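Survey of secondary and tertiary structure
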Amino acid sequence: MDSVEYDNRTVTRGALQYTGKAKQVFTTDDPNILWVHYLDQATALNGKVKETINGKGELNSAISQLLFNYLTENGIKNHYLGSISKTDELITSLNILPIEVVTRNYASGHFVSKFDAVAMQQLSPIVQEFYYKSDALDDPFMNDSQIIALGYATSDELSKLRYESLMINQRLTELFQKANIQLIDFKLEFGRTKNGDILLADELSPDNMRLVDITTGNSLDKDVFRKHSGDVTVGYHEVLTRLQQVI
Ligand code: C5P
């Protein structure tokens, strides 16, 4: 499939622009639109561990699609334009900021290992962190002045990233709670439009968020892959089914 009908016209896939950890991004014949293909791939340790997992691309694509549509309906501006197959979608082409924004509601992952914090304690205030997007450097932590001094984002943009992330956290926390799932933490990426607006980008899936079943305490996200504790698609499938029931 190299062409699709979108918005009453044909969009044709072009060259491969970028291969990420679980996605490929292609140009299209429209300079404002990119074509994303979700891969059946899981990685850990910033890409150092890689495995093929059948069906994961479809699950991530379906979950991401549901969450982007939900956020759009709730007033959060984002890059998602529409789904074109079970594993492919169209997005707005953005100038992606080289910054990962992590939001933490409960202590887990590196927050626990770095600070020797008690796992799963509720965090007040909600913790927001910025990391420099670089696999080669293992995504180092960056503070505001470092980001501004190196020209990766302006002070106004950082305020926007913080505000948008808080709004997204509120919306997603409410939604997941309806699905009996606790949103522990998550990572977001943002990009600039040609006229300087900041939009939410990347994907929204259990690859980028920690999700825990409120009743059983079971992990429903990529931690299952990171810790080799079972079949990661079981939890992803559970997340998708529950979201379909509450959206
Ligand atoms: O590893 P850490 O505890 O810092 O991760 C916090 C959250 O950000 C987790 O939900 C994790 O899945 C996500 N994350 C990510 N991509 C990274 C780093 C963290 O999606 N490169």
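In this text the structure is predicted, and so the values were computed from the model without any measurement. (Residues numbered from 1 in each chain as written. Predicted model: local features only at pLDDT ≥ 70, side-chain atom pairs only at ≥ 80, totals over all residues. Heavy atoms only, no water.)

So, the sheet that holds strand 14 (residues 190-192)
The sheet built from 3 strands is open, its strands ordered 9-14-15 with antiparallel pairing. Of all strands in the sheet, those bounded by a partner on one side alone are strand 9 (95-96) and strand 15 (198-200). Examined bridge by bridge, strand 9 and strand 14 share 2 bridges and lie antiparallel to one another. Bridged to N95 within strand 14 is R192. Against the sheet, helix 4 (residues 155-178) contacts strand 14 and strand 15, and its axis sits at roughly 135° relative to strand 14. (Pairing = 2+ DSSP bridges. Helix = DSSP H or I, 4+ residues; strand = E, 2+ residues; numbered from the N terminus. Contact = heavy atoms within 4.5 Å. Axes fitted to C-alpha atoms, helices over the stretch in contact; angles between N-to-C directions.)

So, the site of the ligand
Of all residues adjacent to the ligand, which total 16 residues, the nearest are R104, H110, D185, R210 and R226. A distance of 3.1 Å separates a nitrogen atom of the ligand from a polar atom in the side chain of D139. Contact between the ligand and R226: an oxygen atom at 3.0 Å from a side-chain N or O atom of the residue. Among the elements of the structure, strand 10 (99-106), helix 2 (109-115), strand 13 (181-188) and strand 16 (209-213) are those that each provide at least two residues to the shell around the ligand. When grouped by side-chain class, the residues that make up the shell around the ligand number 3 nonpolar, 5 polar and 8 charged. (Near = heavy atom within 4 Å. Polar contact = N/O pair within 3.5 Å; in protein donor to acceptor, adjacent residues only side chain to side chain. Nonpolar A, V, L, I, M, F, W, Y, C, P; charged D, E, K, R; others polar.)

Re the pattern of salt bridges
Tallied over the entire structure, the rule returns 21 salt bridges. Between K56 and D207 there is a salt bridge, with the nearest N and O atoms lying 2.8 Å from each other. Placement of K56 in helix 1 (residues 56-73) and of D207 in the loop between strand 15 and strand 16 is noted, with a sequence separation of 151 residues between them. An identical accessibility class is assigned to K56 and D207; each is buried. A salt bridge links R104 to D185; its shortest N-O distance comes to 3.6 Å. In this pair, R104 sits in strand 10 while D185 sits in strand 13, placing the two residues 81 residues apart along the sequence. Judged on exposure class, the residue R104 and its partner D185 are both buried. (Salt bridge = Lys/Arg side-chain N within 4 Å of Asp/Glu carboxyl O. Buried < 20%, exposed > 50% of the residue type's maximum accessible area, 1.4 Å probe, protein only.)

Some details on unusual backbone geometry
Here S124 and P125 are connected by a cis peptide whose omega angle stands at 0°. On the secondary structure map, P125 appears in strand 11 (residues 122-132). Residues other than glycine seldom take positive phi values, yet D7 does so here, at roughly 55°. Tracing the chain through its elements places D7 in the loop between strand 1 (3-6) and strand 2 (9-19).

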